[in-house]
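For reference, the chains in residue letters:
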Amino acid sequence: MQLNDCVDAFKRDPLSSGFILDFDGTLSVIVSEPDEAVAVDGVAELLAELAAKYAIVALVSGRRAEQLSEKLNVSGLRYIGLYGAEEIIDSVLVQAAEAVRWRSIAAHLALEAQGVIEAQGWDGCLVEDKDLSVSLHFRNAKDIDVAGQGLMSWAHGAASRHGFTASRGRMVVELRPVGISKADAFDRVVDDLALKTVVLAGDDLTDLESMIQAGEKADVDVLRVAVDSDESPEGLHQHSDIQVAGPLALVDILKGFL
């Protein structure tokens, strides 16, 4: 879909149009410590205006939904965390039916991962237990390549033994329950609101999965926006309609919908 056509469709039918946006690397710049990430200037005010004008502005992230709401406390936003495993609905955190089992598995994987990191001497790696999923950050590792490859190799085996899946993102290895993905969260948002036109924006491998799936939805027009970086996954450009040079450039694109 072309940008001008998308803007026209949004303004022609705002109640059937919405935004599905990643946070880290898309609305915020990537930082060495995940807790330090903040939305770029003007995002909160912009999203508030868009949420008031169109059917939905949804943030879909690997972060906890509560973290998302703290990072961008904006009235009218839909906060979907842990790749779709949880969501804040009417100020209440709602998790998937299998959350109790997943929580136990995630805690076990986090503990095991910490042991592997210490045993291998992968200094600088960080284990982030996200309650229902686990992130293994290696951006600050002394040897990024060795740590990244080692963590990915371990994670594939460990995740498969427990009904989880492992994938590599921007200097991170993610372990999450099988069947939980941003792509499925995209489908749920679109179907819940019967959206006809959507802006989908992201920068990482999990966003690429959403873009591929969005391209296969024949009944929805989707403008897929790749937020570029020097760590963009292979295929992100191929499965996007436009590419922008970072979060601030995405903000400029979104302003055109006001």
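Bear in mind the structure is a predicted one, so any value in this text is a computation, not a measurement.

Draft legend 1. Representation of the side chain of E86. Among the structural elements, E86 can be located in strand β4 (residues 86-89). Among the polar contacts made by the side chain of E86, one reaches the main-chain amide nitrogen of A65 at a distance of 2.8 Å. If we ignore the near neighbours within four places in the chain, the residues touching E86 are R64, A65, E66, Y79, I80, G81, L93, V94 and Q95.

Draft legend 2. Fine view of the pairing of strand β3 (residues 78-81). A two-sided burial pattern is seen for β3, the buried positions comprising R78 and I80 on one face and Y79 and G81 on the other. Two strands pair when backbone bridges link them, and strand β2 (residues 56-60) and β3 are joined in this way by 3 bridges, in the parallel orientation. Bridged to A58 within β3 is R78. Handedness of the β-α-β unit built from β2, helix α3 (residues 65-71) and β3 comes out right-handed. Sheet topology note: the β3/β4 ladder contains 3 bridges and is antiparallel. If you follow Y79 over to β4, its bridge partner there is I88. Between the antiparallel neighbours β3 and β4 lie 4 residues, among them L82 with a positive phi of about 50 degrees.

Draft legend 3. Molecular detail of the packing of helix α6 (residues 182-193) against helix α7 (residues 205-214). Running from amino to carboxyl end, α6 crosses α7 at an angle of 45 degrees, the nearest separation of the two axes being 7 Å. As the angle between them shows, α6 and α7 are arranged oblique. For the pair α6 and α7, the crossing hand works out as right-handed. On α7, the residues touching K182, A183, D184, F186 and D187 of α6 are T206, D207, E209, S210, Q213 and A214. A class-by-class count of the residues in the contact of α6 with α7 yields 3 nonpolar, 3 polar and 5 charged.

Each value, and the rule that gives it
- Residues numbered from 1 in each chain as written.
- Predicted model: local features only at pLDDT ≥ 70, side-chain atom pairs only at ≥ 80, totals over all residues.
- Heavy atoms only, no water.
- Helix = DSSP H or I, 4+ residues; strand = E, 2+ residues; numbered from the N terminus.
- Polar contact = N/O pair within 3.5 Å; in protein donor to acceptor, adjacent residues only side chain to side chain.
- Contact = heavy atoms within 4.5 Å.
- Buried < 20%, exposed > 50% of the residue type's maximum accessible area, 1.4 Å probe, protein only.
- Pairing = 2+ DSSP bridges.
- Right-handed = clockwise from strand over helix to strand, strands pointing away.
- Axes fitted to C-alpha atoms, helices over the stretch in contact; angles between N-to-C directions.
- Parallel < 35°, antiparallel > 145°, perpendicular 65-115°, else oblique.
- Left-handed = near helix turned anticlockwise from the far one by under 90°.
- Nonpolar A, V, L, I, M, F, W, Y, C, P; charged D, E, K, R; others polar.

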